[in-house]
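# What the coordinates show
Okay, here's what each chain looks like letter by letter:
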Amino acid sequence: VFSDKAGEWKKRGEEQRADLLRSELWTLFGHGADGVLMWGFSRGDAFSVTDGEWNARVLACRDVMHQQRMLDLGRFRRAPSPVAVCLDPDAYIRAGALDGGGLGLSSHLDTELHGIHAALAAAGIPSDVIMAAQLPEAAKRYRALVLPASPLMDPAAADRLKAFVAGGGTLVAVAPFAAVDRWGAPHAAVPGCGLADLFASAAAE
């Protein structure tokens with residue numbers, strides 16, 4: 001919300017910042033959020049909601065909280081998504097180092113993840129974005145897992161994916177998939193960690 005790549009945030013007045021915060025809160029509650037965690041990145045740039053003073057952003061938060069209760073928005077819930085797009089933070093850190101552009105949000109993995117998520121949305125397929133650490137619970141909640149940017153793979157994560165497929169789940173991965181271990185060492189086969197068997201038909205083509 002507060003991305004300042006073009007320096008726009010500092011140009012906004014207090015009321016404009018409050019309007020931006022208000023629109024984001026309504027969007028989140030409208031999509032069924034049970035709660036919102038907010039924090040500031042730099043108090044010097046007035047990113048935080050408040051440093052203890054009363055301001056337009058505090059008023060916006062108060063009004064939105066009161067209004068969403070009045071409208072009983074707590075009963076609104078988005079239908080559970082059948083698909084999860086899985087993001088691996090370790091892969092992001094590795095890509096940031098290899099891309100040579102620092103650990104910003106400009107990694108090619110970022111583009112892949114956004115592209116896959118946008119493609120699912122355009123196809124009318126609701127999807128959630130989950131972290132790799134959430135894979136143990138994924139089999140209980142999703143019918144399909146999409147891994148668009150997962151070159152790193154370890155045996156434990158591979159076993160979870162195998163169990164997901166064995167239980168009837170669908171796994172979609174974008175190459176290079178499971179190409180290296182968590183230390184960056186190449187696997188003997190790609191996909192590694194015994195995952196090649198899950199993609200036997202694709203390999204045969």
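Since the model is a prediction, treat every value here as computed from it, not as a measurement.

## A closer look at the overall build of the protein
Check the secondary structure of the protein and you find eight helices and four strands. Going from the N terminus to the C terminus, the protein shows its helices and strands as α-α-α-β-α-α-β-α-β-α-β-α. Looking at the protein residue by residue over its 205 residues, the buried ones come to 34%. Intrachain contacts of the protein at a sequence separation of at least 6 include 65% that bridge at least 24 residues. Only carbon and sulfur atoms are counted for the fraction: they give 59% of the accessible area of the protein, which is about 12,400 Å².

## Here we look at the pairing of strand 4 (residues 170–173)
Where strand 3 (residues 144–147) and strand 4 come together, four bridges link them in parallel fashion. By the bridge assignment for strand 4, Ala144 is matched with Thr170. Between the parallel pair strand 3 and strand 4, the chain is carried across by helix 7 (residues 155–166), and the sense of this crossover is right-handed.

## Here we look at helix 3 (residues 56–70)
Taking 1.5 Å of rise per residue, 15 residues should cover 21 Å, and helix 3 covers 21 Å from first to last C-alpha, within 8% of that figure. Ala56, Arg57, Val58, Ala60, Cys61, Val64 and Gln68 are the residues of helix 3 that are buried. Between a side-chain oxygen at the N-terminus of helix 3 and the backbone nitrogen of Arg57 the separation is 2.9 Å; the capping residue is Asn55. Just beyond helix 3, the residue with positive phi is Asp72, at close to 60 degrees.

## So, the nonpolar core
Residues Ile130, Leu145, Leu147, Met153, Leu161, Phe177 and Leu195 are the most contacted members of the largest nonpolar core, which totals 19 residues. Looking at this core, the elements with two or more residues in it are strand 1 (83–87), helix 6 (135–141), strand 3 and helix 7. The dominant element in this core, judged by the number of residues it contributes, is helix 7, at four residues. Counting residues in each nonpolar core, the second largest holds 15 residues, with Leu87, Tyr92, Ala95 and Val146 among its members.

## Examining the sheet that holds strand 3
Pairing is parallel in the open sheet, where four strands are placed in the order 2-1-3-4. Each edge of the sheet is formed by a strand with only one pairing partner; in this case those strands are strand 2 (127–131) and strand 4. Strand after strand, the sheet turns through a mean of 25 degrees between neighbouring axes, direction not considered. Where strand 1 lies against strand 2, five bridges are found, and the strand directions are parallel. Each residue of the ladder has a partner; that of Leu87, found in strand 2, is Met131. The strands touched by helix 7 within the sheet are strand 3 and strand 4, with strand 3 carrying the most contacts at an inclination of about 145 degrees.

## Quick look at the packing of helix 2 (residues 14–30) against helix 3
As a packed pair, helix 2 and helix 3 sit with axes 8 Å apart at the nearest point and diverge in direction by 25 degrees. Viewed along their axes, helix 2 and helix 3 adopt a mutual orientation that is roughly parallel. Our pair here, helix 2 against helix 3, has a crossing hand that is right-handed. Here Glu14, Glu15, Arg17, Ala18, Leu21, Arg22, Leu25, Trp26 and Phe29 of helix 2 lie close against helix 3, whose contacting residues are Ala56, Arg57, Ala60, Cys61, Val64, Met65, Gln67 and Gln68. A breakdown of the residues in the contact of helix 2 with helix 3 according to their chemical character gives 10 nonpolar, two polar and five charged.

## What about the side chain of Asn55?
Its location among the elements puts Asn55 in the loop between helix 2 and helix 3. Its relative accessible area of 10% is what places Asn55 among the buried residues. Polar contacts involving the side chain of Asn55 include one to the main-chain amide nitrogen of Arg57, which spans 2.9 Å. For Asn55, the side chain forms a polar contact with the main-chain nitrogen of Val58, separated by 2.9 Å. Ignoring any residue separated from it by four or fewer positions in sequence, one finds Asn55 in contact with Glu14, Val49 and Thr50.

Analysis parameters
- Residues numbered from 1 in each chain as written.
- Predicted model: local features only at pLDDT ≥ 70, side-chain atom pairs only at ≥ 80, totals over all residues.
- Heavy atoms only, no water.
- Helix = DSSP H or I, 4+ residues; strand = E, 2+ residues; numbered from the N terminus.
- Buried < 20%, exposed > 50% of the residue type's maximum accessible area, 1.4 Å probe, protein only.
- Contact = heavy atoms within 4.5 Å.
- Areas by Shrake-Rupley, 256 points an atom, 1.4 Å probe, with all protein chains shown as cover.
- Pairing = 2+ DSSP bridges.
- Right-handed = clockwise from strand over helix to strand, strands pointing away.
- Expected span 1.5 Å × (residues − 1).
- Polar contact = N/O pair within 3.5 Å; in protein donor to acceptor, adjacent residues only side chain to side chain.
- Core = buried A, V, L, I, M, F, W, Y, C linked by side-chain atoms within 4.5 Å.
- Axes fitted to C-alpha atoms, helices over the stretch in contact; angles between N-to-C directions.
- Parallel < 35°, antiparallel > 145°, perpendicular 65-115°, else oblique.
- Left-handed = near helix turned anticlockwise from the far one by under 90°.
- Nonpolar A, V, L, I, M, F, W, Y, C, P; charged D, E, K, R; others polar.

Taken by themselves, the reported measurements are silent on function.
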